[in-house]
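Reading the structure
Listed below, chain by chain, are the residues.
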Amino acid sequence: MIDKIRHSLEKLRHNEDQLTLVLSLVIGALVGLVTVAFILFTGRLAARMYPAGGAGWRRILVPVLGSLSTGYLLYKYFPFARGSGIPQTKAAIFVDDGRILMRTVLGKFFCCSASLASGIALGREGPSVHVGGGLASVVARNMGLSPRQVKALVPAGCAAALAAAFNTPIAAVLFSLEEILGDLHATVLGSVVLSAATSWMVLHLVLGDDPLFHVSGYKLVNPSEFGVYAVLGVVGGLGSVAFVKLLLNLRVWFRTLPKWTVWFQPVAGGLTVGLLGYFVPDVLGVGYNTVDKVLNGNIVIQMVVLLAVLKIIATAVCYASGNAGGIFGPSLFMGAMMGAAVGGVAHAIFPNSTATPGAYALVGMGTAFAGVVRTPLTSVMMIFEITRDYTIIVPLMISNLIAFFISQKLQPEPIYEALEHQDGIHLPSAQSRSDAERTHVYQAMKLAPLVLSPDATVALTLPKVTAGAFDAWPVVSGDGLVGMIKNSQISSAAGNGGGEKHLSEILSLNEELHHNSAEELPHVHPDHSLSLALERMGTSGLNVLPVVSRANVRQLVGVVTLSDILETFGVAKKAGS
Amino acid sequence: MKHSAGLSFIGTFSLTLLAIAGLFAGDTFLAAVDRTENDVQAARLFGEGQALLAKGDNAKAIDRINDAIEIDRNNRDYFRTLAKAQLAAGKTEEAEKTAADLLDSDPIDGQASLLMAQALTREGHYPEAISYFHRAVYGHWDQDQEANRRKARFELIDLLAQRNSKEELLAELLAVQATPQDAKARIQLGDLFLQAGSPARAMDIFRAMLHDPTANAAAYQGMGDSEFAQSNYRAAQRYFETAVRLAPENAAARRRLEVCNQLLELDPMVRGLTAAERFRRSVKLVELTLGEYNECPQTNLTPDLQALVDNANAALTAQVSPVKQGDAAESNLDIAEQLWQARKKAPCKLPADADRPLALVLARLTQ
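This is a predicted model, so every value here is computed, not measured. Every chain is numbered independently, its residues counted from 1 as its sequence is written. To read the labels, note that chains go from A and ligands from 1, taken in the order they are written. Local features in this predicted model are restricted to residues of pLDDT 70 or higher, and side-chain atom pairs are both shown and tallied only at a pLDDT of 80 or more, whereas totals for entire chains, interfaces and linings draw on every residue. No hydrogens and no water enter the side-chain calculation; it runs on all heavy atoms of the structure.

Concerning empty space enclosed by the protein
- Both site types are read off a 1 Å grid over the protein atoms alone. A 1.4 Å probe that fits but cannot get out defines a cavity, while an open set with protein on both sides within 12 Å along at least five of seven lines defines a pocket; lining residues have an atom within 4 Å of a point. Grid points are joined across faces, edges and corners, and a volume is the space filled by probe spheres set on the points. Applying the stated criterion across every chain yields a total of three cavities of 30 Å³ or more.
- The calculated volume of the largest cavity comes to roughly 60 Å³.
- Here the term charged refers only to Asp, Glu, Lys and Arg, the term nonpolar to Ala, Val, Leu, Ile, Met, Phe, Trp, Tyr, Cys and Pro, and the term polar to all other amino acids, Gly among them. A breakdown of the residues in the lining of the largest cavity according to their chemical character gives five nonpolar, two polar and two charged.

Brief notes about the pairing of strand S3 (residues 544–548) of chain A
Residues and elements named next belong to chain A.
- Three labels apply to residues, based on accessible area from a 1.4 Å probe with only protein chains included: buried if under 20% of the type maximum, exposed if over 50%, partly exposed otherwise in between. Per the convention used, a helix needs a DSSP run of H or I reaching at least four residues, while a strand needs a run of E reaching at least two, with both numbered from the N terminus. Most of S3 sits out of view: five of its five residues are buried.
- Taken together, the five bridges between S3 and strand S4 (residues 556–561) define a ladder with antiparallel strand orientation. The partner of Val 547 across the bridge, within S4, is Gly 558. At least two DSSP bridges between two strands are needed for those strands to be called paired.

What to know about the domain arrangement of chain B
All names here are of chain B.
- How far each domain reaches was decided by an automatic or database domain assignment. Structurally, chain B comprises domain 1 (177–266) and domain 2 (269–365).
- Between the C-alpha centres of domain 1 and domain 2 there is a distance of 31 Å.
- Taken residue by residue, the interface counts ten residues in domain 1 and twelve residues in domain 2.
- The term buried area means the drop in 1.4 Å probe accessible area that two parts suffer when joined, counted for both and summed. For the pairing of domain 1 and domain 2, the buried interface totals around 960 Å² over both sides, and the portion due to carbon and sulfur atoms is 65%.
- In terms of surface lost to domain 2, no three residues of domain 1 exceed Tyr 233, Leu 263 and Leu 266, which account for 53% of the buried area on that side.
- Take a side-chain nitrogen of Lys or Arg and a carboxyl oxygen of Asp or Glu: if they are within 4 Å of each other, that pair is a salt bridge. Applying the counting rule to domain 1 against domain 2 returns zero salt bridges.
- Residues adjacent in sequence count toward polar contacts only when both atoms are side-chain atoms; beyond that, a polar contact is any pair of N or O atoms within 3.5 Å, and within protein one must be able to donate a hydrogen and the other to accept it. Here domain 1 is connected to domain 2 by two residue pairs in polar contact (both at pLDDT 80 or more). By the convention used here, residues are in contact when the closest approach between their heavy atoms is within 4.5 Å.

Quick notes on the interface of chain B and chain A
- Across the contact, 32 residues belong to chain B and 36 residues belong to chain A.
- Linking chain B with chain A are five salt bridges.
- Taking the shortest distance from any N to any O, the salt bridge between Arg 44 of chain A and Asp 34 of chain B comes out at 2.7 Å.
- Taken together, the links from chain B to chain A amount to eight residue pairs in polar contact (both at pLDDT 80 or more).
- Counting residues per element, the ones that place at least two in the side of chain B that touches chain A are helix H1 (2–55), helix H2 (58–71) and helix H4 (92–105) of chain B.
- A total of 25 residues in the side of chain B that touches chain A trace back to one element, the largest contributor, which is H1 of chain B.
- Looking at side-chain class alone, the side of chain B that touches chain A contains twelve nonpolar, nine polar and eleven charged residues.

Some words on helix H16 (residues 325–345) of chain B
- A helix is expected to reach a length of 1.5 Å times the quantity of its residues less one. Taking 1.5 Å of rise per residue, the 21 residues of H16 of chain B would be expected to cover 30 Å, and the 30 Å separating its terminal C-alpha atoms lies within 8% of that figure.
- The complete set of buried residues in H16 of chain B reads Gln 325, Ala 328, Ala 329, Asn 332, Leu 333, Ile 335, Ala 336, Leu 339, Trp 340, Ala 342 and Arg 343 of chain B.

Comments concerning the environment of Asp 455 of chain A
- The residue Asp 455 of chain A is located in the loop between helix H19 (430–436) and helix H20 (458–467) in this model.
- Asp 455 of chain A sits 49 residues away from Ser 504 of chain A along the chain, and the two C-alpha atoms are 6.4 Å apart.

Focus: the packing of helix H23 (residues 530–540) of chain A against helix H24 (residues 562–569) of chain A
Residue and element names in this part refer to chain A.
- Here H23 crosses H24 at 150°, and the two axes come no closer than 11 Å. By the angle between their axes, H23 is roughly antiparallel relative to H24. Considering only the axes of H23 and H24, their crossing is left-handed. Taking contact as the criterion, the partners of Leu 530, Ala 533, Leu 534 and Met 537 in H23 are, on H24, Leu 562, Ile 565, Thr 568 and Phe 569. Interaxial angles span 0 to 180 degrees and are taken between N-to-C directions of axes, which are lines fitted to C-alpha atoms, for helices over the stretch in contact. Oblique is the label for every angle not falling under 35 degrees (roughly parallel), over 145 degrees (roughly antiparallel), or within 65 to 115 degrees (roughly perpendicular). Less than a right angle of anticlockwise turn of the near helix away from the far helix marks a crossing as left-handed, whereas a clockwise turn marks it as right-handed.

Focus on the layout of surface pockets
- By volume, the second largest pocket amounts to about 1,700 Å³.
- Every residue lining the second largest pocket is counted, 49 residues in all, and those nearest its centre are Ser 216, Tyr 218 and Asn 296 of chain A together with Lys 97 and Asp 101 of chain B.
- Residue assignment for the lining of the second largest pocket shows that the elements contributing at least two residues are helix H12 (288–295), helix H13 (301–320), helix H14 (328–349), helix H15 (357–372) and helix H16 (376–387) of chain A together with H2, helix H3 (76–88) and H4 of chain B.
- With nine residues, the top contributor of residues to the lining of the second largest pocket is H4 of chain B.
- Grouping the constituent residues of the lining of the second largest pocket by class yields 18 nonpolar, 17 polar and 14 charged.

A closer look at the side chain of Ser 24 of chain A
Residues and elements named next belong to chain A.
- Along the chain, Ser 24 falls in helix H2 (residues 16–49).
- Residue Ser 24 is classed as buried on the basis of its relative accessible area, which comes to 0%.
- When near neighbours in sequence (up to four residues on either side) are disregarded, Ser 24 contacts Leu 153, Ser 191, Leu 194 and Ser 195.

Regarding the packing of aromatic side chains
- Think of it this way: a Phe, Tyr or Trp ring, Trp meaning its six-membered ring, pairs with another when their centres are within 6.5 Å, and the plane angle makes it stacked under 30 degrees, edge-to-face over 60, tilted otherwise. Inspection of every chain in the model, using the stated rule, returns 24 aromatic pairs over all chains.
- The interplanar angle of 40° and the centroid separation of 6.1 Å between the aromatic rings of Tyr 220 of chain B and Tyr 239 of chain B together place this pair among those described as tilted. In this pair, Tyr 220 of chain B sits in helix H11 (residues 216–229) while Tyr 239 of chain B sits in helix H12 (residues 233–246), placing the two residues 19 residues apart along the sequence.
- Its relative accessible area of 18% is what places Tyr 220 of chain B among the buried residues.
- Taken together, Phe 166, Phe 175, Phe 213, Tyr 288, Phe 328 and Phe 369 of chain A form an aromatic cluster joined through their ring pairs.
- Note on geometry: a ring has a charge over it if NZ (lysine) or CZ (arginine) is within 6 Å of the ring centre and within 35 degrees of the ring normal. We note Lys 311 of chain A situated over the ring of Phe 333 of chain A; from NZ or CZ to the ring centre the distance is 4.4 Å.
- Sitting above the plane of the Phe 228 of chain B ring, Arg 256 of chain B keeps its charged end 4.6 Å from the centroid.

Observations concerning the nonpolar core
- In these notes, a set of buried Ala, Val, Leu, Ile, Met, Phe, Trp, Tyr and Cys residues joined through side-chain atoms within 4.5 Å is what counts as a nonpolar core. Judged by nonpolar contacts, the single largest core of 134 residues is most densely connected at Phe 175, Phe 243, Leu 247, Val 291, Met 365 and Met 382 of chain A.
- Here this core takes 13 residues from H2 of chain A, the largest share from any one element.
- Excluding residues within four positions of it along the chain, Val 291 of chain A makes contact with Phe 213, Phe 333, Ala 336, Met 337 and Met 365 of chain A.
- By size, the runner-up hydrophobic cluster in this structure holds 90 residues, among which are Ala 68, Ala 83, Leu 120 and Ala 136 of chain B.

Considerations on the pattern of salt bridges
- For the coordinates displayed, the defined rule picks out 26 salt bridges over all chains.
- Put simply, Arg 44 of chain A and Glu 37 of chain B hold a salt bridge, and the shortest N to O gap is 2.2 Å. Highlighted residues: Arg 44 of chain A in helix H2 and Glu 37 of chain B in helix H1, drawn from two different chains.
- For Arg 44 of chain A, a relative accessible area of 10% gives the class buried.
- With relative accessibility at 25%, the residue Glu 37 of chain B sits in the partly exposed group.

Shown next as structure tokens:
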């Protein structure tokens, strides 16, 4: 029996597709359970730290002690577990072949748990993503998988973690692709989806079907509300920019302090949140209970305004000072407060044509998320998954896009990218990827100066090609392009006494032309990127490629040469110029 | 090397599966502890909320119950009590929303329907409120279903009585006709039947209670009211007299008796009157209707109306021989009736008291 299982596992190890499928499920289950443990452990720890009816001084002392102890642990034992975890996960994927250490995973789990339970105003989602990605990395590496396979499984772990931490599996998939990989068309989509779905299932199996937020069925009361949602987009965008700028500037300031202060710098965050929390307890922790209250319209407008401002300050200081925890949850908190404030004012002025503040709080959550994290698709999907109500989607999209554009305009660098840059890490962003794809073949191509016939003889062709500037030439018959012939092939045939040979004999062409793939017939299309053209030149060993029509791969529309490509990039001049 | 890679794969795979099993057990245990502790905390907060509600500190009660709900959202009692507290605090819109949420998840929740009906009644949405009262009456109640349904129906009856919706009220009363056992409730039921325009059914109830020493004064008054409603003033007078005798402190019965007495003294249609007495009453009726008319004289008197007023004044001063008193009485009653109609058309409204003897006598005359 054991031998049979061992045999099956061995077989599985050598079948990559099946292995990916099985590991996606296993990692989904493992990460889901660890995330549930993280949530429960943090919750129980928080209940011990803040017992019901506890004295007010606890609200100052507990965050200070929490940040002091976790600060020391992070400094001494788990330096990579500091902060949110999302920039670290991205760095691991793009820089370290998906390598995240088990020590970092453990550090993140326990330090974040203690930190969040003590009331530090940060979120659990970013750390969960780091833990999830880390677990996927640890499992894959210990199984002896290749770096490529490890890198492919880390996003699956991230999606699984987010699906369990936030109870939104589709948004988790999108976040993993949109933010972690920066590519919505990534090839790992299948494993990411499987993993997120498994994790979500595990979450429901253990914790039941209780949603993270309990939201009434909000609807658009009147079309004129779109105007109010647009205002919310502006407020959310400006609020997001204020938060991001404050956090980044504070972080720069903390980094200018002497190195020996690093271990107790988190106390600044603990003390700030403690002092604010002493007077306004809702500032403490991630604050999802408060968000829930606001979503159900149970907080007065003055209080939500105050909470929005205090949370921006508390989270910025907590994060910048080096506490463990994310900004995902706090940005939702801020958004809910800003939304409730805008909605509260609108509802007071136009009670009959606007929804209650809860609806605006809900949209505000997505708005702030789009403004801070800059993943508009994820934010829309996330709110849709929370509400499961289609009618809120249109106002949500309006607000989100306005906030996204304002944030992009006033803070061009997205927060996670800016944090990486502060750490000296430059990862490929979606923007940089699209920049690389921006130059196309049609910008460098030209008409072929010489087209050869397959019936032409070597003797006749040789003088023409040696006079030309290319190393290879397109050979075109009545049916169209049949291939590329190199100068060296023609010279070699002529040297071997094959002057009367036809070019078709050298190319060994079949009667019927059915080889159309890029490997068999190297070519590019006009809309291909120049980087792909370079790649194909390298693969085929040609420094000139035929450019063919997309409608008919045999229809030659021009040629593109290496020197033309380099000239387009501005790194080489044309020969002779 | 390849062999060791295989072992590492199998070992890690097995270890991961073991970790999954261990974590599942651990998580299940932690989740159970979490649920238990949360339930205890929620119950404590809910208890505090209930105590505050009982003290009348509704705002704090709402906060405390909301805190309990934040922790345990699956307890429907918390939501029901929250809706009660919101109603008590005058936050009817919020109470309506809470009840609506409850009904979304369980449309036949009797108590939630009742709370919704109460909220809608406060907001003045009576047709919707009545519909929710019906849902409460036929809905499901966790405890003491029959008593709660009856309570809901009586609340509905109260609303219908206040709204003077006679037909709907009668329909509801018929459903509870046999229900109340105690004397006070049965007296109320009889009164409601009267209000619903069914004095005969009211009399059936009151008659059955005439010999109940705890309620016979009220029963006699009820009988009086029922007879009165059927224009049997003489019989009503007798019942009221008995009611006053049994309960001299009963001001309402005394007042009704007085009305009866006045009416019977004024009514010219009472059997057995002499011609002189009938004439005297007709003159009195002309005098009283003219007085009513003069309370609100019309500015643009038509010639006909002026003639009618002149005739009334003439009738009051006329010396009529006994032989002609029969015809004169008929003429006077005609004048009184016409004056009464003119008074009704006058710009200022008649006093609302429908039980005024003059109004009742003239109403009989026009029948």
